[in-house]
Amino acid sequence: MIILAVVVGIYAGAIILLNIPYIQHKVAAVVASELHQKLQTTLTIGKVDVGFFNRIIIEDVNIDDQSGHPMLKAARLAAKVEILPLFEKVVNIRSIQLFGFDIHLYKKNPKAPLNCQFVIDAFKSKHPSPKPTPLNMRINALLIRRGAVSYDILSKPYHPEHFDVNHLHLSELSATVNLKHLTNDSLRAVVRRMDFREQSGLVVKHFSMQADVNPRYAMIRGLDIKLPDSHIKFGDIYAGYDSYSNLKQFVDKVNITTNIKASVRFADIACFVPQFKHTDYKVHFSTYLHGTINNLRLSRIELHDNAHHFNFSGDIHVSQLAHIRNLYLSGIIRQFSIKSEGLAFLAQSLHVKGINPKIFNQISQFSYIGRIRGSVNDIIMLGGFRTGVGNVLASVRYVNNPATKVKRVMGSIKATRLNLGAILNNKSKFGYTDFNMKVDATFAPHTTPSVIAKGLIAHLSYNRYDYKNIRVDGIYSRTGFKGKISMNDANGHISINGKLDLHSKSKPQFNLTATLKDFSPNKLQLTPKMQGMSISGSIRANFSGRSIDDAVGEIHIDTVHMRMSNGVYDMPALIVVADHRNGSKHIALTSNDVDAEVDGNYSYKTLTTSFINIIKRYIPSLFTDRKMSASNNNFQFKLSLKNTEFINKVLNVPLSLKRPASFNGYFDDKDRKIKVYGEFPYVSYNGFTLHQGRLFCDSPEDAITCRLSGITQMKDGSSLNLSLDLKASNDKLTTALNWGNN
């Protein structure tokens, strides 16, 4: 009893002394010195307070790493230990407190050790026992308040605007944890609450769970995560295994079973998907999950938003999830539907450019039912799409080559009553279409996509006409289009075969052949004219140019057969050749009916403007309400008209020639000059005939003059000389008709 009293007295005296501030600071200095010697780093302690029997409090702790950077700062470290269980080799810690701390952990590169590794090494036994030391520990309460923890891999780029596992910075960390028991082969712990912020913007308002781990299984109950406006709740998570050794092959040997129910606001997870930063869109998700990480099944998946603008349900099987390059998934999609509001939201949130929002109102809704299978870089979709503008059946494969970044989409697409007018927002021109196409598209970086298309457009409604049987077989690539397009319609057969190089560095290139048979432009609603006319013939074209003004090449029109209500006309072969000579343009037209040539500099778009500008010079009041743009045409021309059958039968103009008529002249915008000379030995118009006809137009400085002259035959057989003179000058037009007997 005396010895016990002495021991208690000494201990009590020590406790009393350690509660004296001077002694506390001295003890803190001694402890800091000893730790400094052991750790070989800068270390300071404000004071050490030892309570009666089982309590210790250390305040104002500062520890640097061996590079001299701050590693740990803590306002208060405290522990309260039960003494008596220690005699039974049981560590029973009543409480641990970690308040007001800031921990900085880092690696210089992924393979380097942590900056705190020297602390672990300093306290590690230099002579470890061959047998594991029995462990039996309990912590009634681990209290963490006002904490901050950072972890960085310094060699990795720093992107604080999104969640980065290489740079984790937690702040405002608080937690209450109970370690019910910890032994060599089992664990029971409860996280009653935890909350923190991460620099990326992630805010965890609440985290709680209970974990039980033993040699046969692990069970996590009540896993509950709350973000500012999101809630993720797990059912009991069961992880089964044969032994702890299976944990070394966790992804293949540990079977997991649980269910998940979540409501997530997109803005809460913007740190993972930056496009969601400024949206309040919220989705609800649930699934039953079972299997190993590398052989995982997600059953009864349900996903929808608050207003059910977006709905998904199905079953997915994922394998090799731990090895993302080898990941393979397959599944059944029972419902995948998006209404117009959901489509517009996704396009806006993901910043999809070039899409007119009106198209979503036209589509109205979108749904898919089918199957999906494949890997990250090779996936196949088989199923049907239903939309507010029509239905599509698709069998599509997507292949991506990560090394070359070349992507390929191939498969077949069949559409039924697809409303092109609604999709293109042009219902006045387009209607419905049905098609069945095979497509093979290749997308390579920094180049135009290549698309091979082959199939049948059974129906295409355009301009209130239903075009039928359009076949496409060609390839569109960086060099343009090469292939064949044909139509076999009741009102016309057409076939176009050739190559269109629309991406030439100099000028677009056209090399094609077109064949027409019983082609009726009026019945096909291409023109209100040409009623009762059908055309058959062929065209060969080989030219280049961005427009008709800079075109260079040849167009051959073989004999064209025209059937009209008033008869039949066979137009002879016609050749058009255009080129550039010595800095000027040259175009020539040759046929049995007409020959023509034009040389100089001109633009077809401004020819009318040029003519009006010259007339306006002499009669300005004729065009007072019309503003004309500038023009700069300067050319010479020749025309020989040998046959007027085309003019008579096709254009319905009652003009005929017995001998060829010829015209020539020039046009000069710069000097506002025009000269035309024509001869027509015999011409007849609607019963009126003219022999030895001549036309002469000129523009001297102060006027423009024209004379039309010839000889006509009177009913009594006599001849009558006629001449019509016109003069425009000083805003006046003077005419004179002269006649006389021959």
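Provided above is the structure to which this section pertains.
Residues numbered from 1 in each chain as written. Predicted model: local features only at pLDDT ≥ 70, side-chain atom pairs only at ≥ 80, totals over all residues. Heavy atoms only, no water.

1. Some words on the overall build of the protein chain
Heads up, the rule is: Helix and strand assignments follow DSSP, with helices taken as H or I runs no shorter than four residues and strands as E runs no shorter than two, numbered in order from the N terminus. Burial classes: relative accessible area under 20% of the type maximum marks a residue as buried, over 50% as exposed, and values in between as partly exposed (1.4 Å probe, protein chains only). Only heavy atoms matter for contacts: two residues are in contact if any of them lie within 4.5 Å across the pair. Accessibility throughout is a Shrake-Rupley quantity obtained with a 1.4 Å probe, and a residue counts as covered only by protein chains that appear here.
Summing up its helical and strand segments, the protein chain has 9 helices and 42 strands in all. Burial status across the protein chain gives 37% buried among its 742 residues. Counting contacts in the protein chain only where the partners sit at least 6 residues apart, residues at least 24 apart contribute 42% of the total. Just so you have it, the protein chain exposes about 43,600 Å², and 58% of that area is on carbon and sulfur atoms.

2. Concerning the pairing of strand β17 (residues 328-339)
Rules: Here a strand pair is declared whenever DSSP counts at least two bridges between the two strands.
Sheet analysis places strand β16 (residues 310-319) next to β17, joined by 10 bridges and oriented antiparallel. Counterpart to V318 in the pairing with β17 is L329. By the bridge criterion, 10 bridges tie β17 to strand β18 (residues 365-375) in an arrangement that is antiparallel. If you follow S330 over to β18, its bridge partner there is R373.

3. Notes on a nonpolar patch on the surface
This is how it is decided: Residues qualify for a patch when their relative accessible area is over 30% and they have no salt bridge, like charges being joined within 9 Å and the nonpolar side chains of Val, Leu, Ile, Met, Phe, Trp and Tyr within 5 Å. Here a salt bridge means any side-chain nitrogen of Lys or Arg lying within 4 Å of a carboxyl oxygen belonging to Asp or Glu.
A cluster of nonpolar side chains, L708, L724, L726, L733, L737 and W739, forms an exposed patch at the surface whose accessible area comes to about 570 Å². Among the elements that make up the nonpolar patch, the one with the highest residue count is strand β42 (residues 732-741) (3 residues). Inspection of the secondary structure assignment puts L737 in strand β42. A relative accessible area of 51% means that L737 is categorised as exposed.

4. Remarks on the environment of D702
For D702, the position within the fold is in the loop between β39 (688-698) and β40 (704-713). For D702, a relative accessible area of 53% corresponds to the exposed category. Along the backbone, D702 and Y618 are 84 residues apart, and their C-alpha atoms lie at a distance of 7.8 Å. With residues near it in sequence (within four places) discarded, D702 still touches Y618, A728 and S729.

5. Remarks on helix α8 (residues 607-618)
Those residues of α8 not exposed but buried are T609, S610, I612, N613, I614, I615 and Y618. Those residues of α8 hidden inside the fold are in contact with β37 (661-668), β38 (673-685), β40, β41 (719-729) and β42.

6. Here's the deal with the layout of surface pockets
For clarity, the threshold we go by: A cavity here means a set of points on a 1 Å grid, drawn over the protein atoms and nothing else, where a 1.4 Å probe fits but cannot get out; a pocket is an open set with protein on both sides within 12 Å along at least five of seven lines, and a residue lines either one if it has an atom within 4 Å of a point. Grid points are joined across faces, edges and corners, and a volume is the space filled by probe spheres set on the points. In the scheme used here, Gly and all other residues not listed as nonpolar or charged are polar, with Ala, Val, Leu, Ile, Met, Phe, Trp, Tyr, Cys and Pro taken as nonpolar and Asp, Glu, Lys and Arg as charged.
Taken as a whole, the largest pocket holds about 990 Å³ of empty space. Lining the largest pocket we find 29 residues, and of these F336, F366, Y368, M381 and F385 sit closest to its centre. Take the lining of the largest pocket: its biggest share by element is 4 residues, from strand β19 (residues 378-387). Looking at the lining of the largest pocket, its residues break down into 27 nonpolar, 2 polar and no charged.

7. Looking at the pattern of salt bridges
Enumeration over the complete set of coordinates arrives at 20 salt bridges. Residues D212 and R221 are paired through a salt bridge, measuring 3.3 Å at the closest nitrogen-oxygen approach. Exposure remark for R221: the relative accessible area of 36% places this residue in the partly exposed category. In this structure, D558 engages R540 in a salt bridge whose closest nitrogen and oxygen atoms are separated by 3.7 Å. With a gap of 18 residues between them, D558 in the loop between β29 (552-557) and β30 (560-564) and R540 in strand β28 (residues 534-544) connect regions that are remote in the sequence. In this structure D558 comes out as partly exposed when scored by relative accessible area, which is 28%. If you follow the salt bridges from partner to partner, you end up with D229, R265, D268, D280 and K282 in one network.

8. Quick word on the packing of aromatic side chains
The test is simple: Centres within 6.5 Å are what make two rings of Phe, Tyr or Trp a pair, Trp counting through its six-membered ring; a difference in plane orientation under 30 degrees is then read as stacked, over 60 as edge-to-face, and the rest as tilted. The criterion is that NZ of a Lys, or CZ of an Arg, lies within 6 Å of the ring centre and within 35 degrees of the ring normal, and then a charge sits over that ring.
Under the definition given, this model contains 16 aromatic pairs. Relative to Y281, the ring of F266 has its centre 5.4 Å away and its plane inclined at 65°; by these criteria the two rings are edge-to-face. Here the residue F266 occupies a position in the loop between β13 (255-265) and β14 (282-292), and Y281 occupies one in the loop between β13 and β14, the gap between them amounting to 15 residues. Judged by its relative accessible area of 10%, F266 falls in the buried class. Considering the side-chain rings of F312 and F336, the 6.1 Å spacing of their centres and the 70° angle between planes classify their relative orientation as edge-to-face. Here the residue F312 occupies a position in strand β16, and F336 occupies one in strand β17, the gap between them amounting to 24 residues. Given the relative accessible area of 23%, F336 is considered partly exposed. Pairwise contacts between aromatic rings join Y602, Y604, F635 and F667 into one cluster. In this arrangement the basic side chain of R417 is found over the ring face of Y432, its NZ or CZ atom lying 3.9 Å from the centre.

9. Examining unusual backbone geometry
Phi at N686 is positive, roughly 50°, even though this residue is not glycine. When you line up the elements, N686 lands in the loop between β38 and β39. Even without being a glycine, D731 presents a positive backbone phi close to 65°. Taking relative accessible area as the criterion, D731 reaches 33% and is therefore assigned partly exposed.

10. Quick notes on the state of the cysteines
What counts is decided by this rule: Here, the term disulfide refers to a pair of cysteine sulfur atoms separated by no more than 2.5 Å.
A complete count under the given rule lists 1 disulfide for this structure. Two residues, C697 and C706, share a disulfide whose sulfurs are 2.5 Å apart. The S-S bond linking C697 to C706 shows a torsion near 115°; that makes this disulfide right-handed. C697 gets classed as buried once you look at its relative accessible area, which sits at 11%. Owing to a relative accessible area of 24%, C706 belongs among the partly exposed residues under this scheme.

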